[in-house]
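A look at the structure
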There are 2 protein chains.
Amino acid sequence: MEIIRSKANTSVKEAKKLHQKKHRTSSYLIEGWHLLEEAQKAGAKIEQVFVVEELADRVADLPKVKVVSPEILQDLADSPSPQGVVAQIGLPTLDLPEQLRGRYLVLEDVQDPGNVGTMIRTADAAAYDGVFMSDKSADIYSMKVLRSMQGSHFHLPVYRQPMSDILEFLRKNQVEILATTLSSQSVDYKQVRPQGSFALVMGNEGQGISEQVVTAADQLVHISMPGQAESLNVAVAAGILVFSFI
Amino acid sequence: MEIIRSKANTSVKEAKKLHQKKHRTSSYLIEGWHLLEEAQKAGAKIEQVFVVEELADRVADLPKVKVVSPEILQDLADSPSPQGVVAQIGLPTLDLPEQLRGRYLVLEDVQDPGNVGTMIRTADAAAYDGVFMSDKSADIYSMKVLRSMQGSHFHLPVYRQPMSDILEFLRKNQVEILATTLSSQSVDYKQVRPQGSFALVMGNEGQGISEQVVTAADQLVHISMPGQAESLNVAVAAGILVFSFI
């Protein structure tokens, strides 16, 4: 095990760059024991591990372990309580499957990292087969998204594509497209029972779904709200729909 | 209209103190036009309004309007985009009702401001009759909670009490207590159809509900999760249950 005493150490400086999306071309950082265990279970490529001295025994079997001070670890982490461990993980390459069968969640330009992570975690909890996200959605490898996602990207594939490609791919595979609107000029979700493969599209927090999604959709769906709130948080709406359709 | 040019102005300094809970004994701050409109619609006591010059016309009818620079407004606000207006609102006094009838959401020690605000917004959207929250939950008058709550506290009563008092009050009024657990040793929510008045209790993010809630509950409820995620975000779980029970 290497011991690093300075924030100016090259490994530390290079790893810290991974906080910025532009540097996440081949790897990303995770923090905390839960995510590290999930990465191991999933067979993800663990490139290096930064750990504080008193917890170093727990990662003795992992490659390239670097013992650092609590200050350096805090610097590498994003949250106030990183639990003494930060690991650098190789970005997976994920090709679109040949065929698409099952239940999918689609995020169109969802911006808030907490919402994106929570929605992928919800799709995972409900045993959906995968998540598609438009290339204008929040990056799932930011530490904020990773924290709210709680390792779900290790459980189900998350495909990132331009929205038009996603829609074309869904239609080519005859996957029913259910798109969520705020308009009550659509079907209430309680009347919807998808029969075969389907994809549930959730839109941007402010704008909702785009015109191209409205056009491509087989069914527009809304959640009837008897109360006074004008809308639901998008992750809550996704939770209601995702669990309603299983 | 008064014009304030200095951050050292007494009104500005006093208002800024309201960012801290200990100073929110008789009033709190809201930011943005949506919340201000909701406050007006609800007849809330608007104590003073800080606004940037070019938008001052929009609040000409309101009491104690103070025109401030964008820098001072930013200082009074909490978010990066306060939309040019911050208002000081009188804290309502809210007595427990004589009798309790209807549908209630109960938050036990929910800590994350975004979760608390989102859950109250969800209860509002579903036309629940009120929210009870334990005195160890996040304060609803912090600007973070207010932002995610989107004015729902103007639509339905939110009672803050020690948890034991809440439970006693619910039982005295013969309101059925449905408490959410992570354990599958309880009833799946799809089997639950509350008949009369009920209260749905959601627990703390890490610990779930307490032993005293387990003991007081008429029914323990869980959400069956066929997938690999170990749990759902508490606001998502609340959304699924709140809408399932209407």
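Not measured: the values here are computed from a predicted model. (Residues numbered from 1 in each chain as written. Chains lettered and ligands numbered in written order. Predicted model: local features only at pLDDT ≥ 70, side-chain atom pairs only at ≥ 80, totals over all residues. Heavy atoms only, no water.)

Notes on the domain arrangement of chain A
Residues and elements named next belong to chain A. Here chain A is partitioned into domain 1 (2–90) and domain 2 (103–244). The C-alpha-based centres of domain 1 and domain 2 are spaced at 31 Å. The interface formed by domain 1 and domain 2 contains 3 salt bridges. With a shortest N-O distance of 3.1 Å, Arg147 and Asp78 are connected by a salt bridge. Where domain 1 meets domain 2, there are 6 residue pairs in polar contact (both at pLDDT 80 or more). Elements with a minimum of two residues in the side of domain 1 that touches domain 2: strand E2 (27–31) and helix H2 (33–41). Here the side of domain 1 that touches domain 2 is built from residues that sort into 9 nonpolar, 3 polar and 5 charged. (Domains from an automatic or database assignment. Salt bridge = Lys/Arg side-chain N within 4 Å of Asp/Glu carboxyl O. Polar contact = N/O pair within 3.5 Å; in protein donor to acceptor, adjacent residues only side chain to side chain. Helix = DSSP H or I, 4+ residues; strand = E, 2+ residues; numbered from the N terminus. Nonpolar A, V, L, I, M, F, W, Y, C, P; charged D, E, K, R; others polar.)

Details of the relation of the copies chain A and chain B
The two copies are related by a screw motion: chain A maps onto chain B through a turn of 180° and a shift of 0.0 Å along the axis, at an RMSD of 0.0 Å. The operation mapping one copy onto its partner corresponds to a two-fold rotation axis. Here 100% of the contact residues of chain A are again contact residues in chain B; the copies associate through an equivalent surface. (Least-squares fit on C-alpha atoms with pLDDT ≥ 70 in both. Contact = heavy atoms within 4.5 Å.)

Let's talk about the packing of aromatic side chains
Residues and elements named next belong to chain B. Counting across every chain of the model gives 12 aromatic pairs over all chains. Note on Tyr28 and Tyr141: the rings are 4.4 Å apart at their centroids and 50° apart in plane angle, and the pair reads as tilted. Taken together, the residues span a long stretch of sequence, with Tyr28 in strand E2 (residues 27–31) and Tyr141 in the loop between strand E7 (130–134) and helix H5 (143–149) at a distance of 113 residues. You'll find Tyr28 and Tyr141 in the same group, each marked buried. Aromatic side chains Tyr128 and Phe198 sit 5.9 Å apart centroid to centroid with 90° between the ring planes, which places their arrangement in the edge-to-face category. Taken together, the residues Tyr128 in the loop between helix H4 (113–125) and E7 and Phe198 in strand E11 (residues 198–202) connect sequence positions 70 residues apart. (Phe/Tyr/Trp six-rings, centres within 6.5 Å; stacked < 30°, edge-to-face > 60°. Buried < 20%, exposed > 50% of the residue type's maximum accessible area, 1.4 Å probe, protein only.)

Quick look at the environment of A:Gly208
Residues and elements named next belong to chain A. If you trace the backbone, Gly208 turns up in the loop between strand E11 (198–202) and helix H7 (211–216). Assessed through its relative accessible area of 21%, Gly208 is described here as partly exposed. Beyond its immediate sequence surroundings of up to four residues, Gly208 is in contact with Glu108 and Gly203.

Quick look at the sheet that holds strand E4 (residues 65–68) of chain A
Residue and element names in this part refer to chain A. Spatially, E1-E4-E3-E5-E2 is the arrangement adopted by the 5 strands of the open sheet, whose pairing is mixed. Looking at strand neighbours, the two that pair on one side only are strand E1 (2–3) and E2, the edges of this open sheet. Where strand E3 (residues 46–52) meets strand E5 (residues 85–90), 5 bridges bridge the pair, whose relative direction is antiparallel. For Ile46, the partnering residue across the bridge sits in E5 and is Ile89. (Pairing = 2+ DSSP bridges.)

Observations concerning helix H8 (residues 234–244) of chain A
Residue and element names in this part refer to chain A. Most of H8 sits out of view: 11 of its 11 residues are buried. Those residues of H8 lying buried are Val234, Ala235, Val236, Ala237, Ala238, Gly239, Ile240, Leu241, Val242, Phe243 and Ser244. With a side-chain oxygen lying 2.7 Å from the backbone nitrogen of Ala235, the N-terminal cap of H8 falls on Asn233.

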